[in-house]
Amino acid sequence: MANVFSRANTVVSAQSRRSVFFLPLLMTCGLWMPDNAHASEQICGKGITLADTINERACARLDSLMDTLERKPDRKIHIVRQRARVDAEKIRTLLVSEGYYAAKVVPDILEGEDSSIGFTVRPGMRFKITDHAIIYVSDDGEALPRSLEDLGLKSTSSSRGDDLVAIQTSILAYLRNNGRPLAELSQRKVLANFETREARLVYEIDPGPPCIYGPLQVQGLERLKPAFVSSSIRLREGKACSRDEMEEQRLNLAKTGLFSSAEIKPVFGLEAADPSAEPNPVVVNLKEAKARTVGAGLSWATNRGIGGRIYWEHRNLLGGAERLHVELNIEEIQQEGTLSFRKPWPARRAAFFAELGAATEAREAYDANRYALKGGIEYPLWGPWRLATSAEYEYADIEDQGVRETGHSVMVPVVLSQSTVDEVLDPKDGIVLTLTAAPTYATFGDGTAFVKLDARVSHHWPLSKDQKRQLSTWGHIGSLQGGKASDIPATRLYYGGGTKSVRAIAWEHLGTLDAEGIPAGGRSILEGGVEFRTDVTKAWQLVGFVEGGRVFDAPTPDFEEDILWGGGFGVRYQTPIGPVRFDVAVPFDPRPGDDAWQFYIGLGQAF
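These figures come from a predicted structure and were not determined experimentally.

**Section: the pairing of strand E23 (residues 524-535)**
Here's step 1: Bridge analysis of strand E22 (residues 469-481) against E23 gives eleven bridges, and the strand direction is antiparallel. Opposite Trp474, over in E23, you have Gly529 as the bridge partner.
Here's step 2: Two strands pair when backbone bridges link them, and E23 and strand E24 (residues 540-552) are joined in this way by twelve bridges, in the antiparallel orientation. The partner of Val530 across the bridge, within E24, is Val546.
Here's step 3: Once E23 ends, the chain turns through four residues before running back antiparallel as E24.

What follows is the structure in structure tokens.
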């Protein structure tokens with residue numbers, strides 16, 4: 001294949017019938033020249049010196065063509081001619097998108113015994129944008145932004161298509177969120193001066209009718225009370241309509257799990273009798289989902305055995321989105337049942353909650369029968385932050401190191417939390433942070449008062465735009481402050497290790513072990529880890545992780561004690577309800593009595 005290059009005129013040709021099929025792809029994917037660069041041969045993905053963006057887009061667009069031509073090398077010449085014209089236009093379009101408005105691309109096809117095909121590419125000089133103008137195809141006399149300065153946007157001389165699309169998107173976003181939710185682009189024109197190599201961008205926009213929030217009209221409800229929906233949607237009457245604001249309110253409704261579909265839209269046109277009527281009624285079209293759900297799950301860990309979970313939930317018990325949840329968790333070492341109730345307070349975006357629970361535990365550290373009752377309120381603060389406070393009572397019958405004792409505990413925990421993750425069971429982006437302070441009085445022993453302080457955080461970073469690779473980290477620090485150590489019930493101590501903790505260390509074995517290898521628990525904990533996740537197929541994901549931590553006897557972490565480190569790998573299989581998790585973890589420096597490895601199966605990511 002011979003290539004001849006010049007700054008103003010690029011000619012590419014190829015001989016032999018098979019080369020005829022591959023040359024359009026090679027040309028489209030690699031032969032570009034910057035305004036002041038020397039010409040050089042460039043093959044798809046190698047040695048690109050002009051616009052990598054053009055190269056990448058062209059390669060992606062024509063990869064399928066390469067596959068087709070390799071499978072069918074006997075295509076007729078008229079098919080090649082047609083394909084060459086299409087590719088030539090694609091090349092020209094890509095050049096124009098990068099600001100080469102004078103670009104010309106001509107296919108050269110020579111038929112005969114030695115058929116050949118080529119492209120003459122004249123990119124010309126890249127144009128400079130000197131002005132951005134906004135023109136409205138329908139003008140109702142209202143004050144609308146006419147320039148980028150009116151929108152608070154900085155003008156740019158860049159002629160790249162991506163930069164111009166970004167400006168276009170910003171213009172439409174401003175209009176749609178400031179009283180013109182139906183604004184659309186009619187066309188974008190480039191007025192180019194070929195003598196000065198300058199251009200003026202004109203955005204022709206149909207602003208649509210003006211919109212002011214009017215009264216809500218809730219439609220489609222069956223059992224749910226309209227007052228709940230009306231008080232849940234926060235659109236202030238008399239305010240200019242915002243498409244983003246309406247979408248945010250729609251998503252908030254969808255997140256409740258009460259609806260199978262939700263739509264929020266202002267009424268225009270014939271529906272409102274007058275297209276410019278103000279204020280505009282806002283219609284909320286809803287379809288209620290099934291209110292009852294039954295679910296179950298299984299888990300398995302090397303030192304906890306098989307675990308099972310079954311639950312029943314009603315999400316609209318009394319017509320006001322009241323949630324009643326009944327759950328039973330059964331493991332070899334622990335059986336627990338809970339009955340919980342949650343009552344939303346949509347006007348304040350708050351919720352009241354109450355819970356009744358009972359558990360029987362046969363752990364290595366202790367045996368216990370517990371009965372608990374709690375109730376409280378959860379309230380929003382700012383952004384994603386929420387505050388919850390409650391009063392809790394627990395009666396426990398505990399056998400610890402052969403000593404049996406019963407007692408009562410009263411707690412008033414305060415929890416400050418935020419969550420910005422995209423998915424609960426499979427987070428790919430965002431942060432979860434929980435801070436807890438729980439003043440407690442327990443009647444065990446001589447009776448003692450203490451405060452349990454806890455901080456947990458997990459952070460997830462996508463490492464690629466398609467979120468097929470993520471880096472996730474987590475950390476936990478806790479402390480029991482005050483009180484007499486011998487009077488703090490074993491159920492309130494820290495243990496650590498196992499799933500949701502340092503996976504390489506057996507469950508509850510992260511602290512001091514006695515001569516028989518039984519965990520003693522501790523008054524403080526420090527642990528954390530990092531995990532790398534990468535998708536290998538649509539259904540399968542590989543995971544590698546390193547974690548470390550320790551449970552300490554002192555009320556605060558003692559950094560002179562060795563941190564227990566471990567790591568491992570796992571796989572995830574995606575299902576409609578979340579990833580099924582398989583993890584294997586090994587301690588890096590096992591203590592006497594530590595298991596050589598741990599294995600876990602569960603639903604959802606480890607954190």
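Next comes the rest of the description.
**Quick look at helix H6 (residues 243-255)**
Here's step 1: The end-to-end C-alpha separation of H6 is 18 Å, in line with the 18 Å expected for 13 residues at 1.5 Å each.
Here's step 2: Turning to H6, its buried residues are Glu245, Met246, Gln249 and Leu253. Down the axis of H6, the buried side of the element spans an arc of 100 degrees, and every buried residue falls inside it. In H6, the exposed positions angled more than 90 degrees off the buried face are occupied by Asp244 and Lys255.
Here's step 3: Where H6 is buried, its residues touch strand E8 (213-219), helix H5 (226-232), strand E9 (259-266) and strand E10 (280-288).
Here's step 4: Looking at the residues trailing H6, positive phi occurs at Gly257, about 80 degrees.

**Quick word on the sheet that holds E8**
Here's step 1: On the basis of which strands lie adjacent, the open sheet formed by three strands has the order E8-E10-E9 and mixed pairing. Pairing within the sheet leaves two strands with one partner each, and these edge strands are E8 and E9. Strand-to-strand, the axes of this sheet are offset by a mean angle of 15 degrees, without reference to chain direction.
Here's step 2: Across five bridges, the pairing between E8 and E10 is parallel. Paired with Gln219 across the two strands is Asn285, which belongs to E10.
Here's step 3: Contacting E8, E9 and E10, H6 runs over the sheet at an angle of about 160 degrees to E9.

What counts and what doesn't
- Residues numbered from 1 in each chain as written.
- Predicted model: local features only at pLDDT ≥ 70, side-chain atom pairs only at ≥ 80, totals over all residues.
- Heavy atoms only, no water.
- Pairing = 2+ DSSP bridges.
- Helix = DSSP H or I, 4+ residues; strand = E, 2+ residues; numbered from the N terminus.
- Expected span 1.5 Å × (residues − 1).
- Buried < 20%, exposed > 50% of the residue type's maximum accessible area, 1.4 Å probe, protein only.
- Arc of directions from axis to C-beta.
- Contact = heavy atoms within 4.5 Å.
- Axes fitted to C-alpha atoms, helices over the stretch in contact; angles between N-to-C directions.

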